[in-house]
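Now for the letters of each chain:
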Amino acid sequence: MIWIVIAVILLLLIGGLVPMLIKTVPIAKRVYNDTLVRTSPEKWGRVCSDTTNEEQVQMWNEGIIWAEDNAEFRKELTVENDGLKLCGEYFDFGKDKCVVILPGRCESLIYSYYFAKPYKDAGCNVLVIDTRAHGNSEGKYNTIGYKESGDTLTWINYVEKSFGIHEFYIHAICVGTSTAMLLMTKDDCPESVKCLVTEGCYSSFRETYKRHMIYDKRPLFPVLDLIILNIRMHTGSKLTRNAPIRLVKKMRQPVLFLFGELDAFSIPEKSQKIFDRCASKKKKLIWFDKGAHSHLRINNTEKYDREIIEFLSEI
């Protein structure tokens, strides 16, 4: 009798599960392709990612002005890693230090121009890069920092060898922080990588991606987990193991955390936990009361730049 009951329950479960998967698997694939796969050469190019957002456009334009003002110092660079040609630009101000700016998802190196000024003011050369599958770099998948960390290591080794730079700082925005932390917690991370400045670090990609899906009014169950499965299948990225909330426990380099009280995706409660769990002996947390996710500097320019310059002087 018990086996009959079990069989009936299994049939009911399967009977409901199969139709649900038939309906949701294509949805998950479409959302995954929309948000994390470069499905055409034009996607995630060197263009403003959101021309409907006034702050985003202002950041874009101010960044371009900064690059034009410093065009005489700019060098076009390319490296190869993992079989991909990767493109970047190096602003050589004749200094002995360099910042590597890692942008967030969907952004090219032109977006990174906007964050360069405080580092030039602090006496750094500036390296901006098109991460894989963005800008002029090759690639198809965003791997949430998993393979991008190796790309960044390739860039650092190249600049160190080509320009004699032996001290690097990393400025990372949003998903760029996953890239930075994965690199900086590896056994082969060069000692020349001295510190991390991170804006909008999230606790885990699954959590922040879920918040984005809610914001975009996309269905969650089981679409979210199917997207996470797609990430694992196509990129090999283990999101739970590589979550910043775990990686910070292994951080030894100094870290400056820049968090926004109004951030809807890297929420303050989780942000505080990230800071508290960070193992670095030299860490600092700065709160900003204005500015959405990745839009802290445009709303707090003087304070933002001052905190970075002061932190670099302290280390």
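The structure we're discussing is the one just above.
Note that residues are indexed from 1 along each chain, following the sequence as it is written. Given that this is a predicted model, residues contribute local features only at a pLDDT of at least 70 and side-chain atom pairs are listed and counted only at 80 or more, while totals for whole chains, interfaces and linings are drawn from all residues. Hydrogens are left out, water is left out, and the side-chain values use all remaining heavy atoms of the structure.

Engineer: Tell me what's going on with the overall build of the protein chain, and back it up with residues and numbers.
Structural biologist: When its secondary structure is counted, the protein chain shows twelve helices and eight strands. C-alpha atoms define the radius of gyration in this analysis, and the globule rule sets the expected value at 2.2 Å times the number of residues to the power 0.38. For a compact globule of 315 residues, the expected C-alpha radius of gyration is about 20 Å, and the protein chain comes in at 21 Å, within 12% of that figure. Judged by the C-alpha coordinates and their principal axes, the protein chain covers about 80 × 40 × 40 Å. Relative to its 315 residues, the protein chain shows a buried fraction of 54%. Of the contacts formed within the protein chain by residues at least 6 apart in sequence, a portion of 75% connects residues at least 24 apart. A gap of 8 Å separates the mean positions of the 43 positive and 40 negative side-chain charges of the protein chain. We count a stretch as a helix when DSSP gives it H or I for four or more residues in a row; a strand needs E for two or more, and each element gets its number in order from the N terminus. We call a residue buried when its accessible area falls under 20% of the maximum for its residue type, exposed when it is over 50%, and partly exposed in between, using a 1.4 Å probe and counting protein chains only. Residue contacts are counted whenever heavy atoms from the two residues lie within 4.5 Å of one another. Charged residues are defined narrowly, with Lys and Arg counted positive, Asp and Glu counted negative, and His plus the chain ends left uncounted. To locate a charge, take NZ of a lysine, CZ of an arginine, CG of an aspartate or CD of a glutamate.

Engineer: Run through unusual backbone geometry, naming residues and quoting values.
Structural biologist: Here the residue pair F221 and P222 is connected by a cis peptide bond, since its omega of -5° sits within 30 degrees of zero. Looking at where P222 falls in the secondary structure, it is placed in the loop between α7 (205–215) and α8 (223–235). A positive phi angle, close to 60°, is found at W44, a residue other than glycine. One non-glycine residue, K217, adopts positive backbone phi at about 60°.

Engineer: So, the pattern of salt bridges: which residues are in play, and what are the values?
Structural biologist: Salt bridges are defined as contacts in which a side-chain nitrogen from Lys or Arg sits within 4 Å of a carboxyl oxygen from Asp or Glu. Applying the stated rule across the entire model yields 13 salt bridges. Residues K270 and E207 are paired through a salt bridge, measuring 3.8 Å at the closest nitrogen-oxygen approach. Linking K270 in helix α10 (residues 268–277) with E207 in helix α7, this pair joins segments that are 63 residues apart in sequence. Residue E207 is classed as buried on the basis of its relative accessible area of 17%.

Engineer: Run through the packing of aromatic side chains, naming residues and quoting values.
Structural biologist: Aromatic rings from Phe, Tyr and Trp, with only the six-membered ring used for Trp, were paired whenever their centres fell within 6.5 Å, and each pair was classed as stacked if the ring planes differed by under 30 degrees, edge-to-face if by over 60, and tilted otherwise. Using the criterion set out here, one finds 16 aromatic pairs in the structure. Summarising the aromatic geometry, the rings of Y215 and F265 are spaced 5.7 Å apart at their centres and angled 80° between planes, so their arrangement reads as edge-to-face. Separated by 50 residues along the polypeptide, Y215 in helix α7 and F265 in the loop between β7 (255–260) and α10 bring together distant segments of the chain. Judged by its relative accessible area of 59%, Y215 is exposed. Following the ring pairs from residue to residue traces out a cluster consisting of W66, F73, F91, F93 and Y113. Sitting above the plane of the F288 ring, K303 keeps its charged end 4.9 Å from the centroid. Only when the NZ of Lys or the CZ of Arg is both within 6 Å of the ring centre and within 35 degrees of the ring normal is a charge said to sit over the ring.

Engineer: Describe the layout of surface pockets, and please don't skip the residues or the numbers.
Structural biologist: What the largest pocket holds in volume is close to 900 Å³. Think of a 1 Å grid over just the protein atoms. A cavity is a set of points where a 1.4 Å probe fits yet cannot get out, a pocket is an open set with protein on both sides within 12 Å along at least five of seven lines, and lining residues have an atom within 4 Å of a point. Forming the boundary of the largest pocket are 32 residues, of which D50, R105, H212, F265 and H293 lie nearest the centre. For the lining of the largest pocket, the secondary-structure elements that each account for two or more residues are α1 (2–36) and α7. Ranked by residue count, the leading element in the lining of the largest pocket is α7, at six residues. Grid points are joined across faces, edges and corners, and a volume is the space filled by probe spheres set on the points.

Engineer: Which residues make up the environment of Y209, and what are the values?
Structural biologist: Residue placement: Y209 occurs in helix α7. When the C-alpha positions of Y209 and V197 are compared, they lie 22 Å apart, and in sequence the two are twelve residues distant. In contact with Y209, other than residues within four places in its own chain, are V31, T35, L36, L224 and I227.

Engineer: Tell me about the nonpolar core, residues and numbers included.
Structural biologist: Judged by nonpolar contacts, the single largest core of 54 residues is most densely connected at V126, I227, I231 and L258. It is α8 that contributes the most residues to this core, six residues altogether. Excluding its chain neighbours within four sequence positions, the residues that come into contact with L258 are V197, T198, E199, G200, I286, F288, L296, Y304 and I308. Grouping buried Ala, Val, Leu, Ile, Met, Phe, Trp, Tyr and Cys residues that are joined through side-chain atoms within 4.5 Å yields what is termed a nonpolar core. Counting 39 residues, the second-largest nonpolar core is a separate cluster that includes L84, L86, Y90 and L196.

Engineer: Report on the sheet that holds β7, specifying residues and quantitative values.
Structural biologist: In a beta sheet, neighbouring strands are held together by backbone hydrogen bonds and run either parallel or antiparallel to one another. In space, the eight strands of this open sheet follow the order β1-β2-β4-β3-β5-β6-β7-β8, with mixed pairing throughout. Edge positions in the open sheet fall to β1 (74–81) and β8 (283–288), since each of these has one partner strand only. The mean angle between the axes of side-by-side strands here comes to 20°, regardless of whether they run parallel or antiparallel. A fitted line through C-alpha atoms serves as each axis, taken over the contacting stretch for helices, and the angle formed by two N-to-C directions is quoted from 0 to 180°. Strands in contact with helix α12 (residues 301–314) are β5 (168–173), β6 (193–199), β7 and β8; relative to β8, the strand with the most contacts, it is inclined by about 175°. A pair of strands is treated as paired once DSSP finds two or more bridges between them.

Function cannot be read off these values alone, since they describe shape.
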